[in-house]
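Understanding the architecture of this molecule
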Amino acid sequence: MAENIDLFASPASGTPQDAAAEVQALRAQLVQWAHEYYVQDAPTVPDGEYDRVYQRLEALEKAHPELHSPESPTQRVIGAILEGLTPVRHAVPMLSIRTETDNEASGAQAFDARIRKELGLDPGDPPVEYVAEPKFDGLAMNLRYEAGRLVQATTRGDGEVGEDVTHNIRTIRQIPLQLRADAAVPPVLEVRGEVYMRRDDFDALNRKQEAAGGKTFVNPRNAAAGAVRQLDSNITAQRPLSFFAYGLGEVTPVAQGGMQWDSHYAMLMQLRAWGFPVAPQVCVAKGADELVAFHQRMGAERANLGYEIDGVVYKVNSRALQLELGFVSREPRWAVAHKYPAQEMVTRLEGIEVQVGRTGKLTPVARLAPVFVGGVTVTNATLSNVFDIRKKGVRVGDDVIVRRAGDVIPEVAGRVPGVRPQYVPNFSMPRQCPVCGSDVVREKGEANHRCTGGLFCVAQRKEAILHYAHRRAMDIEGLGDKLVDQLVDSGVIRSLPDLYKLGIATLSGLERMAEKSAQNVLAALESSKKTTLARFVFGLGIRHVGESTAKDLAKHFGVLDAIMDASVEELLQVNDVGPVVANSLHTFFAQPHNREVVEQLRAAGVHWDEAVPAEKPAQILAGMTVVLTGTLPTMGRDEAKDLLEAAGAKVSGSVSKKTHYLVAGADAGSKLSKAQELGVTVLDEAAMLRLLQHGAP
DNA sequence: TATCCTCGAGTTCA
DNA sequence: CTCGAGGATA
């Protein structure tokens, strides 16, 4: 099975017997995965892994022509006919386009170079004209119109024979059932395109499935595939599908009253005129440079598209040149698909380490064999807690699926099914803290293990200092983890007040700390002394007291001593403070050493305005709740947050019915779709600035 | 008591 | 960004 196949060995290596055995193993594996994917709609490995094994097999077959077999998965388009749906032979076979996963520009350059060579063009000749299209992640579909009426819709199947899914396709609103009578439509017209599911539709569907206790879908493509191949079109109608047209199948020849087009682009425009959705991004591109530009543009827009694309497609525009270029076996020589790096890959789980956080929480971290996922090399991924590891069933040495979805943070999604060559014990949390050796406990009903060492634990002490220096706390620029490591390890800093005893001599003695940066840090420390009560309270790092709670406390009590001396009952009076937070605060300030730290910090010159703030004039956004998401063009999120809060708005982290506005920048994710679903007004940065000025966008 | 809504905390890589 | 859990609310 998969774990025994060495995918990295050179194709030319090994004896012929080895190669034969491997080829056989790879074929069996691919056939099984294809079955799971197409027939059971339940893939066990990510597409990227399938592609990798497929390419390995291709390479082997190329190196050993004697192993060639018409039965090999590389020799046919994999597909399977589901029982219950009628098989239909395509009038014109549905071919696949050659797919490349090279990096960046090289793919477009290589394609252009190949085309020019085939056409016998000199470097001095004008650039070749191409059409560039996004490559949708859905299912290819053939729509047959006779006399302008939709008579049959078929899936691709194996390229020769597909399945009749007309009853389901009729539920898709974007697909015309009848072409306009006044338009000149060939007597027979087959339109080809991709059926897909929009991301917001997918999210809504999964929420619905979850609420109904049904199974949820892994991704929009699987959901679309399942929907299209239903026997009961009532079910399909509940699953919102969409369509983009990109090509033709059989068309009545001109001689018999049909049509043809000089260029691919003209044909697409005709399809659009007939009422078929054609992707808005489709464009004509001259030469390799414009193809590269298109690829980059799509890569940047990709996250905001509202539907999944897994790459781009380049096609020679001129019909005449297409005919001249012709086909290699089953693939047109005049088109190529250029895929983006996979968002999911398989790699080996080499180990599980344990990290200690600021609150003492022990976090298991997966150490992975480096793997290229979604454009970056990933070597670490969080496994959150022991239960998470159990749930996913991963153990050291397993082949695991690493995912980098819409967000940035990689996660271990699960393991590739298979037998472990040898027994591996399940992961268990250490009994003692790996950093300080204190006992590790897990409170009843809690998922997390914690180190009991407190500030005695070096890991926690370092995190406490970093938290104090945090941008939204005391904002000490330049005091990062590397510097804190050195300061704490060398014993220069034992507690927060020591920070203000730092001198230029101590600092510049450290690694990677020249005089200039040392001075910067000292200056940042100096200016951090003037702060606000809320920032200071937040910076102390009291459990359950985050930024907003610190603000509430500052507003309620006005002065620090009132907070320090407050009883649990008094604390409970504060907005959003319940028994857990109140106890946490009370316990913190009951500890003499904590009070001492506070006094020493004050003695070191840390100060703030303690006067109860005068009632501010009515603020323009008072009572408004605003949520930020994505990357704003000219300002950081923190900056936007401060602006909004200064105007009296409440900036919240998640969208709900109570949200008045969502300010969305580039790469906005789930919050944007949620806002659209709830009908929350979505603003861009410019509209937000108008809101700040006039109280309305 | 159950359910929303928020907040806190942890997290990766270039 | 996502999770878990605290707090408010019905």
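Residues numbered from 1 in each chain as written. Chains lettered and ligands numbered in written order. Predicted model: local features only at pLDDT ≥ 70, side-chain atom pairs only at ≥ 80, totals over all residues. Heavy atoms only, no water.

1. Topic: the pattern of salt bridges
When their charged atoms lie close together, side chains carrying opposite charge are able to pair. Taken as a whole and assessed by the stated rule, the structure comprises 36 salt bridges. For the salt bridge of Arg-52 with Glu-49, the shortest nitrogen-to-oxygen distance reads 3.0 Å. Here Arg-52 and its partner Glu-49 are both found in helix H2 (residues 47–63), 3 residues apart, which amounts to about one turn of the helix. For Arg-52, a relative accessible area of 21% puts it in the partly exposed group. In this structure, Arg-144 engages Glu-250 in a salt bridge whose closest nitrogen and oxygen atoms are separated by 2.9 Å. Linking Arg-144 in strand E4 (residues 139–146) with Glu-250 in strand E8 (residues 242–251), this pair joins segments that are 106 residues apart in sequence. Owing to a relative accessible area of 16%, Arg-144 belongs among the buried residues under this scheme. Residues joined in a network through salt bridges with shared partners are Arg-472, Glu-547, Lys-551, Lys-641, Asp-642 and Glu-645. (Salt bridge = Lys/Arg side-chain N within 4 Å of Asp/Glu carboxyl O. Helix = DSSP H or I, 4+ residues; strand = E, 2+ residues; numbered from the N terminus. Buried < 20%, exposed > 50% of the residue type's maximum accessible area, 1.4 Å probe, protein only.)

2. Topic: the sheet that holds strand E3 (residues 129–136)
Ordered by their spatial adjacency, 5 strands build an open sheet running E2-E13-E10-E3-E9, and the pairing between neighbours is mixed. Only two strands of the sheet have a single neighbouring strand rather than two, namely strand E2 (99–100) and strand E9 (283–286). Bridge count for E3 against E9 is 4 bridges, and the pairing is antiparallel. From the neighbouring strand, Ala-132 faces E9, where its bridge partner is Cys-283. The strands that helix H8 (residues 264–273) touches are E3, E9 and strand E10 (309–316); relative to E3, the one it contacts most, it runs at about 50 degrees. (Pairing = 2+ DSSP bridges. Contact = heavy atoms within 4.5 Å. Axes fitted to C-alpha atoms, helices over the stretch in contact; angles between N-to-C directions.)

3. Some words on the protein's contact with DNA strand B
Taken together, 27 residues lie around DNA strand B, and Thr-359, Thr-363, Ile-409, Gly-546 and Thr-549 are the ones closest in. A breakdown of the atoms of DNA strand B within 4 Å of the protein gives sugar and phosphate a share of 90%. A distance of 2.7 Å separates a phosphate oxygen of DNA strand B from a polar atom in the side chain of Thr-363. In this structure, Thr-549 approaches DNA strand B through a side-chain N or O atom, which is 2.3 Å from a phosphate oxygen. Among the elements of the structure, strand E15 (362–373), strand E16 (376–382), helix H17 (547–557) and strand E24 (650–652) are those that each provide at least two residues to the surface near DNA strand B. For the surface near DNA strand B, the element with the most residues is E16, which contributes 5 residues. Across the surface near DNA strand B, the residue classes break down as 6 nonpolar, 14 polar and 7 charged. (Near = heavy atom within 4 Å. Polar contact = N/O pair within 3.5 Å; in protein donor to acceptor, adjacent residues only side chain to side chain. Nonpolar A, V, L, I, M, F, W, Y, C, P; charged D, E, K, R; others polar.)

4. Thoughts on the sheet that holds strand E23 (residues 625–629)
Read from one edge of the open sheet, 4 strands run E24-E23-E25-E26, paired in parallel fashion. A single partner strand is all that each edge strand has here, and the edge strands are E24 and strand E26 (681–683). Recorded for the sheet is a direction-independent mean angle of 30 degrees between the axes of neighbouring strands. Across the sheet, helix H22 (residues 637–646) is in contact with E23 and E24; its angle to E23 comes to roughly 170 degrees. Along the sheet, helix H24 (residues 685–694) contacts E23, strand E25 (661–664) and E26; its crossing angle with E26, the most-contacted strand, is approximately 105 degrees.

5. Some points on the UniProt feature "binding site: Zn(2+)" (unreviewed entry) in chain A
As annotated by UniProt and renumbered to match this structure, "binding site: Zn(2+)" (unreviewed entry) occupies Cys-433, Cys-436 and Cys-457. Spatial clustering of the annotated residues is evident: they stretch over 25 residues in sequence, but the largest pairwise C-alpha distance comes to 8.5 Å. Those residues in contact with Cys-433 that sit more than four places away from it in its chain are Val-356, Ser-438, Val-440, Cys-451 and Cys-457. Relative to the assigned elements, Cys-436 resides in the loop between strand E18 (411–415) and strand E19 (440–442). Every residue in contact with Cys-436, bar those within four places of it in the chain, is listed here: Cys-451, Gly-453, Phe-456 and Cys-457. (UniProt positions renumbered as here; feature names shortened; annotations may be inferred.)

6. Some remarks on H22
Among the residues making up H22, those that are buried are Ala-640, Lys-641 and Leu-644. The buried residues of H22 occupy an angular sector of 100 degrees when the element is viewed end-on, so they sit on one face. Along its buried surface, H22 packs onto H17, E23, E24 and H24. Gly-648 occupies a position one or two residues after H22 and carries a positive phi of about 95 degrees. (Arc of directions from axis to C-beta.)

7. Here's the deal with the environment of Ser-96
Assignment of secondary structure puts Ser-96 in the loop between strand E1 (87–89) and E2. Through-space distance from the C-alpha of Ser-96 to that of Asp-158 is 10.0 Å; in sequence the pair is 62 residues apart.

8. Things to note about unusual backbone geometry
Notably, Asp-475 is not glycine yet its phi reads approximately 55 degrees, a positive angle. Within the secondary structure, Asp-475 sits in the loop between helix H12 (458–469) and helix H13 (481–489). For Asp-475, a relative accessible area of 36% corresponds to the partly exposed category. Despite not being glycine, Asp-576 shows a phi value in the positive range, around 65 degrees. For Asp-576, the position within the fold is in the loop between helix H19 (568–572) and helix H20 (579–590). Residue classification places Asp-576 among the exposed residues on the basis of a relative accessible area of 62%.

9. Notes on the nonpolar core
Ranked by size, the top nonpolar core spans 66 residues in total, and within it Leu-143, Tyr-145, Ile-169, Leu-271 and Phe-276 carry the most contacts. With residues near it in sequence (within four places) discarded, Tyr-145 still touches Leu-150, Ile-175, Pro-176, Leu-177, Leu-179, Pro-187, Val-188, Leu-189, Val-191 and Phe-276. Counting 52 residues, the second-largest nonpolar core is a separate cluster that includes Ala-473, Ala-524, Leu-585 and Phe-588. (Core = buried A, V, L, I, M, F, W, Y, C linked by side-chain atoms within 4.5 Å.)

10. Topic: the state of the cysteines
Throughout the structure, instances matching the rule amount to 0 disulfides. Distance from the sulfur of Cys-433, which forms no disulfide, to the nearest cysteine sulfur (Cys-451) is 3.6 Å. Classification of Cys-433 by relative accessible area gives buried; the value is 3%. (Disulfide = S-S within 2.5 Å.)

11. A closer look at the pairing of strand E14 (residues 344–356)
The two faces of the sheet receive side chains in turn, since in a regular strand these alternate between them. The pairing of E14 with strand E17 (residues 399–403) spans 5 bridges and is classified as antiparallel. From the neighbouring strand, Met-345 faces E17, where its bridge partner is Val-402. Examined bridge by bridge, E14 and E15 share 7 bridges and lie antiparallel to one another. What sits directly across from Leu-349, in E15, is Leu-368. Connecting E14 to the next strand, E15, in antiparallel fashion are 5 residues, including Gly-360 with a positive phi near 90 degrees.

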